[in-house]
Amino acid sequence: MTERAHAEGPAEERTKEVGGEAAAAWSGSWVAERLGVELTGDQALTGLLGLALRRNPKRAHLLVSNVLGKHVPQSPSVVYGHGLALGRRVRDLLGAEAAARAVVLGYAETATGLGHSVADGLGPAPYLHSTRRPVATVARAGGFEESHSHATSHLLLPEDPTLLSGDGPLVLVDDEFSTGNTVLNTVRALHERYPRTRYVVVALVDMRSPADAGRLDDFAREIGARVDLVTTASGTVQLPPGVLEKGQELVARHETAATEPVTGSVTDPTADAAGRLPAAASPGTVRRVELHWPHDVPDGGRHGFTAAHRTRLEAALPAMAARIAEALPTGARQVLVLGFEELMYAPLRLAHALEQLVDGEVAVRYSTTTRSPVLAVDDPGYAIRTRLVFPAHDDPADGPGERYAYNVAGAGFDAVVAVVDSAADTPALHAPDGLSGRLAAHVPHVLLAVVPSYVPRPPHAPERPSMLPEPLRGPDFSSYAPDEVGWLLQDLSDVTLEAPTEEREEAIQSGGAHYAESLPVEYQPSEQYQQLFHAALETSAARLARAVGAVTETVLAERSPRPVLVSLARAGTPVGVLMRRWAQFRHGLDLPHYAVSIVRGRGIDANALRWLADHHDPADVVFVDGWTGKGAITRELAAALREFEASDGITGFDPEIAVLADPGSCVRTYGTRDDFLIPSACLNSTVSGLISRTVLRADLVGPHDFHGAKFYRELAGADLSTAFLDAVSARFPDVADSVDAQAKELLSADRTPTWEGWAAVERISEEYGIHDVNLVKPGVGETTRVMLRRVPWKVLARAGAGADLDHVRLLAEQRGVPVEEVADLPYTCVGLIHPQYTRGATGADGKAVTL
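Let me sum up the structure you'll find in this document.

1. What about the packing of aromatic side chains?
Per the counting criterion, the structure on display carries twelve aromatic pairs. The interplanar angle of 10° and the centroid separation of 6.4 Å between the aromatic rings of Tyr-480 and Trp-487 together place this pair among those described as stacked. Taking relative accessible area as the criterion, Trp-487 reaches 0% and is therefore assigned buried. Put simply, the rings of Phe-477, Tyr-480, Trp-487 and Phe-711 pair up and form one aromatic cluster. For Arg-635, the ring lying beneath its charged end belongs to Trp-758, and the centroid distance is 4.0 Å. Sitting over the ring of Trp-793, Lys-794 keeps its end group 4.9 Å from the ring centre.

Structure follows, in structure tokens:
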């Protein structure tokens, strides 16, 4: 599909230069006039940026860079030159010694080429960019989310696992620095795993609002590191009230104008009554050009790009440019080199080399395709003049979808050199509605240049002991009976690991410690609180029994007739025991059950997976947890299993978690999606076999050890673990018939995860000024954990929530935490961790916290 939208005003008043370059009008004036948007700041801003309208319910406008080479075709020397100049400024800022130890990280998809160019300007710095394309043979070194995404948007997949672990400066490159949320969340996540003392944030433009401007300094103090910002220009976007609604209406009106017949002037003398450009009378030719890309040189920074790679590529570029020039049609004067989504750097360097080779005889321009949907309006005061639409052609991990090429159709190009990697050289690329067909409909000559996709060789499986220890069992480790669960953990009971909650919170949020490196002091419930636990158990035992039965029946029907239950310690362990008991009660099955450790940001215990693979078929393993919140552990497990497959070559483990309750709609296998009180969430070890949460600390857990945990034998007098299990199991006979009906209904229902909970968490994070989804804990269970283990800021409670929140209200009263009732809350409650905790900032109303 090609779109060239209806424009306002006489056709003869609208002019456009070949190659998508703006005419006299500023390419942001159309949006500015209609929405009242103002771009203020450096004089260079209007030359660097235009404006367009997003098809996005969260933000009306889009800043369109004229020098990035993404949406607007531009001279490759201009695009590459801006990146080089920024890199040289970073080199001057750091000094020669620090620059020599720096690593550059770019953001997919928009800034992959810009980041690589900055690395070139910096000098010998290795380069890595984030990616949305998972690679099974490469272990994940990290990952982070953009605020609009329900899944992990960005993966870090360096071939060299030590690339990010050095102590030199980390240079993070994005096309614009607007709110700063994505960059700061990235630094926070990486600093937790790879701490360092200096970061440099690089962007073409700094467009932060005054409210956001101070956050960078505050953040640097929070993590105890220096954070510098280097940009080409700075300014702000002033948005009038109601701009979002007005922008949505404007988008709707112009999309309608692009698809319905109009009687006035149209966008182009050759356009039809619907304002659409016709295809060429005869489609253009499509043929390949062989580049002879140098062997083993990566196509970009997806897995890392070193100084040695840079040297080899520089040597090969002139010959590759000559092959492209030789393949161009005779008489071609306007040529576009079109890159592909994340593949920006390779086509940019090819375009730059071609531009130098032809030396003005041919006007060479460069841009790339993109995932980003933007309205097209054919007006010189608007940044996106035309739009080509085609299906994705690289079999993306997140499924099929539309892709776009802007300002290509109708721009007067004699030829387009489409550069893709071999993973994208698929039948979908060459289909009639694919990219090559869309280009050929509007350009006389299309050349296809394919760069081999660089996939690192799988590493050798690491050496490990021939025999891992057998699982720990009660009564030596835990108060559960020995046949109820085997713990794939090591006993750290003799190690002092506890620290006061406030001390732990400050260390965690400052980046000085990971939450799994210490333990909170075990909460000792008051008599009033224990009464609440027993009352809640009495009230909910039958509901819990139905959920246990339903999820177990679903597992037996869909996953395996004799599953191996592997609970995620420790919240999942009581659920795993109950599922094992249901299978025994209803079917006479004696299912194996183990508990393993998984740590957010560190993954699942790989040695535990190796033990399981040695003793069971991985295809029979079903991971079990108590409930889902926003789905962080769901994503963590999936990513960790991909890494494990890549490192060990062991396949078959299914990342789908089975849970009692899935209020966040994050999994397919659950007993209920209601957000209700699971009483085991009310207490810590005294309802989980007297076992602590798991511990992962380098001085205690070696490469061949299971993760650790403590057995609190001294709390035996307060232990309710078996009492909890027995109270729920006693209801099994009463609920058997209703479980059969509920399981039948579940098995026939569409249980596809919608990730509604994740969307709600993002919204709450922004509405309350937290800007970190990790500090928003949704659901009754997660809120309880916040109250028991972290420093809570406030609790959001669904208006009218009843007895399920009695224990939360009591804990909030004891800790002086406000409970705020919220209408239309998708969870029964949400716990907010103090967003910038220090022991001197305790303002529960948030006024003591400056973000």
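So much for the structure itself; the text now carries on.
2. Some thoughts on the pairing of strand E24 (residues 593-599)
The buried count for E24 comes to seven of seven residues, which makes it a mostly enclosed element. Burial along E24 is two-sided: His-593, Ala-595, Ser-597 and Val-599 facing one way and Tyr-594, Val-596 and Ile-598 facing the other are all buried. As defined by bridge partners, strand E19 (residues 486-487) adjoins E24 across two bridges and the pair is classed as parallel. Within E24, the position partnered with Gly-486 by the bridge is Tyr-594. Where strand E23 (residues 564-569) meets E24, five bridges bridge the pair, whose relative direction is parallel. The residue of E24 that forms the bridge with Val-566 is Tyr-594.

3. Considering the pattern of salt bridges
One pass over the full model with this rule turns up 35 salt bridges. The residue Asp-228 makes a salt bridge to Arg-198 at a minimum N-O spacing of 3.1 Å. Of this pair, Asp-228 sits in strand E11 (residues 226-238) while Arg-198 is found in strand E10 (residues 198-206), placing the two residues 30 residues apart along the sequence. By relative accessible area, which is 15% here, Asp-228 ends up buried. Salt bridges linked by common partners bring Asp-120, Arg-310, Glu-314 and Arg-349 together as one network.

Reading guide: rules and limits
- Residues numbered from 1 in each chain as written.
- Predicted model: local features only at pLDDT ≥ 70, side-chain atom pairs only at ≥ 80, totals over all residues.
- Heavy atoms only, no water.
- Phe/Tyr/Trp six-rings, centres within 6.5 Å; stacked < 30°, edge-to-face > 60°.
- Buried < 20%, exposed > 50% of the residue type's maximum accessible area, 1.4 Å probe, protein only.
- Lys NZ or Arg CZ within 6 Å of the ring centre and 35° of its normal.
- Helix = DSSP H or I, 4+ residues; strand = E, 2+ residues; numbered from the N terminus.
- Pairing = 2+ DSSP bridges.
- Salt bridge = Lys/Arg side-chain N within 4 Å of Asp/Glu carboxyl O.

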